[in-house]
Structure formats: C-alpha cells, structure tokens
Amino acid sequence: MDSEVIVNLSIAETAADCIVVPVWKDAGLGEEARALDAALGGALGTVVGSGDYVWEANEDRHLLHGPAGCAAQRVLLVGAGERGRFGRKEAAKFLASALRKVLSGNMPHVHFSVADLAVNDISIDWLAARLAQAAETAAYRYVATKEDAKRKAVLDRLSIGATSESPLDMMRRGKAVGQGANRARELGNLPANICTPTYLADCAQELANEHRSIDVEVIDERGMKALGMGCFLSVAAGSAEPARLIVLKHQGAEEGGKPVCLVGKGVTFDTGGISIKPSAAMDEMKFDMCGAAAVLGVMGAIADLQLPLNVVGLVAAAENMPSGRATKPGDVVTSLSGKTVEILNTDAEGRLLLCDALTYAERFEPTHVIDVATLTGAAIAAFGNEANVVLGNDQALIDRLLQCGQECLDPAWQLPLWPEYHKQLESNFADIANIGGKQAGTITAGCFLSKFAGEFKWAHLDIAGSAWLSEGAAKGATGRPVPLLVEFLTTLTQAPAT
Ligand code: BES
Ligand code: MN
Ligand code: ZN
C-alpha cells in the first residue's frame, strides 16, 4: 500500500475515504480533532459527549458517514484511553483497533490524524512507522490454500498529516517491516507439504531476483557432506525431503566489510524423528521453520530499505522424520566443528542444524551472529507467547536486543548461560550430548549452541512462544521477531555496536 505525508493541510480539507480521529477517555478531543469538529458544526463533540462510549484504547469506535463540512467521506472516532497513560502499547492498540474497523469496510484511502497522539514519549516518527507496519500486517490474509470470504475493499493508500515530509521515511520503514513480517507469516502458515526445504531455497532465490543487493547460494546435501556437516545431515537422514543450507548475502555497505550474520532454524516439519512426538497438536510443527522465515523476512525488508550494512542470512532447512534411515537415539555424529555429538533425543534437532550453521558462519568473520529458532517447548512454558527469549555470550549485544524489543513492541527477555548448566550436556560417548536433563530446557539448549559460538559475539533467540499462536481465529504465524531484528539492524547503522 502507498504511504503519504500530507503537509500543512487542515484536517477538514484533507480528502480521504475515511479520517481516523482519536478520542481521549479523560480529555475528549485533542487540538486537531477540535479543529475538525468546528468545521463539522460540532458533530464530533456530540458523539463524544453522548456518554455512549468510554473511549478506551482497543474498545470504542464510532463511524460517521458523509459528514457535512469536511472533504472526507467518513470520520472514524477511535478511543485512545487516558492521555497521561498513552504509551507505545496503547498506541499500538489504538492503531490496530482503527485498522480493524477500516479494513472491515470499503475504504481504500484512509488518513490518520496523528498530531494529537504525539504525547508523552510518543513521537510522530514512531507513530508513522508503527501505522505503516500495522496497516500491512492487519491487511494480511492467508489465501494460499483457502478462499478469503470476508474481504471487501483493499486498503491501498495510507496517509498522515504533518508539518514536513520527514515522517515519510519512517512510514517506508514501517511498511518494509510489515511486509517482512507478512513474508515470515506466510512461510510459517504454509503447510509442510508445500513449504519444504526446497521451497525455502526457491523463496530465497526469488528474493535475490527481486533485489540487486541480495545474492543467494544454496548448499545441497552433497555439499554439506563434503563440508562435514554431520549434525545437520543427521536431522534430514530420515526424510524424503532433501535438506538445504541457504546462504543469502545483502551487501549494503562496502565490499569486504564485516557482516552481521542471522541464522534461522528451518525445520519444515518436526515429527521428533525416532523420539517421536505425541499426535496432539503435531500439525503445529509445520511452524518449526519460523526462525528461517524470519531471516527471509528480514533479508527482504533490509533490501527494500537498502540498509547500509552487510548482512549474511543462513537458513538451515531440513525435515525431521522417522524412517529406516533416520538417526537413532544414541547415534554419535561429527559436527562441522569437529566436536562429536551423542544424539540422545532426535527431537532436539534444531540445535543440530544450528550448531553446524554457526560453525559455518565463522567463515564470514561476522561482527555479530544472531540465531533465531523455535527451539524449546520450555520457552513457551516460561513465557507463553509474549517474549522472545534471548541468551548469548555478549551482554552489550543482548542489551541492545532487549532495548530494540521495547522500542518496536517485539519484546525479548534474557535467560542466563551460567556454567552450572553446562554440566547437563556431558556425554560418556561423545564430546557433548544433544540434550540436558528435565530442567532448564531453554537454557541447556542455549548452552549447547554456545559451544559452537566461540569465535564471535553471539545471541540466540528462542522464538518457540512468540513465532505463532495456537488458538482459534488467531492461530497462525505472528511474523516475530522480524520487527525486532530489523530494528536491531537499523540501530547498527545509526550507532555501531562496540
Ligand atoms: N521444535 C521443538 C520445540 C517446540 C516444541 C516448539 C513445541 C514449540 C512447541 C524442538 O525441536 C523440540 O522438540 N524440542 C524439545 C527438546 C527436548 C527433546 C530436549 C522440547 O522442547 O521438548
Ligand atoms: Mn524437535
Ligand atoms: Zn524442532
């Protein structure tokens, strides 16, 4: 959809299919809204004063059709809650509520009156980015394998008013983030009989075709064998679907400049292998490639934004199946690093893909490596769907990720990698076991990965909880942590990390 900043035009003269106007629960109409109300002969004040609504953010909306006195076809009043408490979360709720309403109608051009919302620590720039992002993600519909019955019109033009063109850059950024998140959602939502490792490689190839800054190389099983990726290959051994290690490079800075490396877990279906999972909700294991999907979403977004940074995206893609050729509990395999691994549980497969991908990342001499993975059920047990769990070996990197998560409402929370936890991974038959005991599963998975991340600053994002929702109409991939990662990479171009 097109983004636009309408500069120095009164709200009453702004033409659109709908103008969205905030109403404070405690303070009624703001300054710009009052100007519009005056042009409309008090029509807004009448609604606000009626007592029919409380104007909580996320709750109350009132749509006026054909208001006399302004250039727009409709005015939508939307609750914004208490002005003194209006922060990022409330702003996001306000925007989502407004967008739900306009998307349910027939309004291709919607103008948001954002001037009154720039209160407390909320800036027009932040609102501009968030609006454009939210408009993209709110308009997403999964239609690849079913029809969309409800849709009326397409929202194709989004505008805000401002005193200069400058928020337009932020709208562009938000749009790229939203589209990147939608790419990740679509890949996550696609069933595993469509979204295979080969499909992910094709998707990466498409990104390279669409963007001059992106190059892609796909390493097949023969290539992985030649490299010595015994852990990676052990995951794919039981599957008829061939595994792929997909290497994407976005060159936004000078050639040879050290890159940031993103590594995504792309298990296109996780049955557990011989350590097979119970049947209940096993369909959700099609989402076990959401880390990979996020990496692809981020690569597309930063290419759209022409981010002046070199970024390598590694997508580790395989299907985890039981079969006569599958890896068995107790099997010992040799990783690309040379360390041997005793596979005590074939359902702890994500770390086996990632350990070889992390070793592979070393050759790019990255400034930072961030892996993204739906790695442990324990992350859901601890945090539900709210947090990306972050662990790593560099506190400055982790702090930046935590900060970025707050800024873009894609929050992360840190768990420790204390030495005490490493003991759980000792094996009698190999250098390391692929599982720890019953306790602290998210941490021991992180400990395992840390053994393969010795040479660089590294953070691990366990997105088992944040990457998809399991229930009802909301069931589906969320696109997280695309916003967090794009925010992080953007801050690196503004204030390089130490
Ligand atoms: N993909 C799963 C993690 C997962 C499970 C994510 C359920 C979301 C919902 C991962 O491959 C896995 O099976 N992890 C095991 C590790 C265990 C065997 C040490 C887990 O968390 O149970
Ligand atoms: Mn598993
Ligand atoms: Zn898995």
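Our subject is the structure that appears above.
This report concerns the structure included in the present document. All values derive from a computational prediction rather than experimental measurement.

By nearness alone, 17 residues border ligand 1, and K277, D288, D347, E349 and G377 come closest of all. Within the side chain of K265, one N or O atom sits 3.2 Å away from an oxygen atom of ligand 1. A distance of 2.9 Å separates an oxygen atom of ligand 1 from a polar atom in the side chain of D270. Considering ligand 1 on its own, with 510 Å² of exposed area, one finds that the protein chains cover 77% of that surface. Partitioning the shell around ligand 1 into residue classes produces six nonpolar, four polar and seven charged.

Okay, the sheet that holds strand β13 (residues 340-343) next. A sheet is described by the order of its strands in space; here three strands give the open sequence β12-β13-β17, paired in mixed fashion. Every other strand in the sheet has two partners, leaving β12 (331-334) and β17 (432-433) as the edge strands with one partner each.

Within this structure, the stated rule accounts for six aromatic pairs. Aromatic side chains W418 and Y421 sit 6.1 Å apart centroid to centroid with 15° between the ring planes, which places their arrangement in the stacked category.

Within the first shell, the zinc ion (ligand 3) binds the protein through K265 (NZ), D270 (OD), D288 (OD) and E349 (OE), at distances of 2.0 to 2.4 Å. When the donors of the zinc ion (ligand 3) are listed by position in the chain, the intervening gaps give K-x4-D-x17-D-x60-E. The distance between the zinc ion (ligand 3) and the manganese ion (ligand 2) comes to 3.2 Å, and D270 binds to both of them. One end of the pair, D288, is in the loop between β10 (260-270) and α9 (290-304); the other, E349, is in the loop between β13 and α10 (350-361), with 61 residues separating them in the sequence. One exposure class covers both D288 and E349, and it is buried.

With that out of the way, let us pick up the coordination of the manganese ion (ligand 2). A metal bound by six donors in octahedral fashion has ideal angles of 90 or 180 degrees, whereas one bound by four tetrahedral donors has an ideal angle of 109.5 degrees. Protein coordination at the manganese ion (ligand 2): the donors are D270 (OD), D347 (O), D347 (OD) and E349 (OE), at 2.0 to 2.2 Å from the metal. Each of the six donor atoms bound to the manganese ion (ligand 2) contributes to angles spanning 71 to 168°, and the resulting shape is irregular.

Next up on the list: the pattern of salt bridges. For the coordinates displayed, the defined rule picks out 15 salt bridges. Here K25 and E56 are joined by a salt bridge, their closest N and O atoms 2.9 Å apart. With K25 in the loop between β2 (18-24) and β3 (28-29) and E56 in the loop between α2 (43-49) and β4 (61-65), this residue pair connects regions lying 31 residues apart in the sequence. The exposure class assigned to K25 is partly exposed, which follows from its relative accessible area of 38%. The partner of E407 in a salt bridge is R88, and the shortest N-O contact between them spans 3.0 Å. Of this pair, E407 sits in helix α12 (residues 395-408) while R88 sits in helix α3 (residues 88-103); the two residues are 319 residues apart in sequence, bridging distant segments of the chain. E407 sits in the partly exposed class, given a relative accessible area of 24%.

The next thing to look at is the nonpolar core. Counting 64 residues, the largest nonpolar core has L200 and L489 as its most contacted members. Among the elements that line this core, the one with the most residues is α9, at 11 residues. Excluding its chain neighbours within four sequence positions, the residues that come into contact with L489 are V260, L262, V298, I302, L307, L309 and V311. Listed in part, the 50 residues of the second largest apolar core include F232, L314, A318 and L354.

We now examine the side chain of N182. Tracing the chain through its elements places N182 in helix α5 (residues 167-189). Within polar-contact distance, the side chain of N182 engages the side chain of R185 at 2.9 Å. For N182, the residues in contact, after removing those within four places along its chain, are E136, T137 and Y140.

Before going further, it helps to spend a moment on the pairing of strand β9 (residues 244-251). Summarising burial for β9: six of the eight residues are buried, a large majority. In terms of strand pairing, strand β8 (residues 214-219) meets β9 through six bridges, oriented antiparallel. Each residue of the ladder has a partner; that of D215, found in β9, is K249. Relative to strand β11 (residues 310-320), β9 is paired through eight bridges, and the arrangement is antiparallel. The residue bridging R244 from the neighbouring strand is A317, located in β11.

With that out of the way, let us pick up the sheet that holds β11. Strand order across the open sheet formed by eight strands is β8-β9-β11-β10-β14-β18-β15-β16, with mixed pairing between neighbours. Each edge of the open sheet is held by one strand with a lone partner, namely β8 and β16 (412-414). Along the sheet, successive strands turn relative to each other by an average axial angle of 20°, direction set aside. Sitting on the sheet, α9 touches β8, β9, β10, β11 and β14 (368-373), and the angle it makes with β10 is about 140°.

To continue, consider the pairing of β14. With respect to burial, β14 is a largely interior element, six of its six residues being buried. Burial along β14 is two-sided: the face carrying H368, I370 and V372 and the face carrying V369, D371 and A373 are both buried. For β10 and β14, the ladder comprises five bridges, and the chain directions are parallel. Looking across to β14, one finds that L262 is bridged to I370.

The rules behind the values
Residues numbered from 1 in each chain as written. Chains lettered and ligands numbered in written order. Predicted model: local features only at pLDDT ≥ 70, side-chain atom pairs only at ≥ 80, totals over all residues. Heavy atoms only, no water. Near = heavy atom within 4 Å. Polar contact = N/O pair within 3.5 Å; in protein donor to acceptor, adjacent residues only side chain to side chain. Areas by Shrake-Rupley, 256 points an atom, 1.4 Å probe, with all protein chains shown as cover. Nonpolar A, V, L, I, M, F, W, Y, C, P; charged D, E, K, R; others polar. Pairing = 2+ DSSP bridges. Helix = DSSP H or I, 4+ residues; strand = E, 2+ residues; numbered from the N terminus. Phe/Tyr/Trp six-rings, centres within 6.5 Å; stacked < 30°, edge-to-face > 60°. Donors = N, O, S within 2.8 Å, 3.2 Å for Na, K, Ca; no water. Buried < 20%, exposed > 50% of the residue type's maximum accessible area, 1.4 Å probe, protein only. Tetrahedral: all angles 85-135°; square planar, octahedral: opposite > 155°, others 65-115°. Salt bridge = Lys/Arg side-chain N within 4 Å of Asp/Glu carboxyl O. Core = buried A, V, L, I, M, F, W, Y, C linked by side-chain atoms within 4.5 Å. Contact = heavy atoms within 4.5 Å. Axes fitted to C-alpha atoms, helices over the stretch in contact; angles between N-to-C directions.

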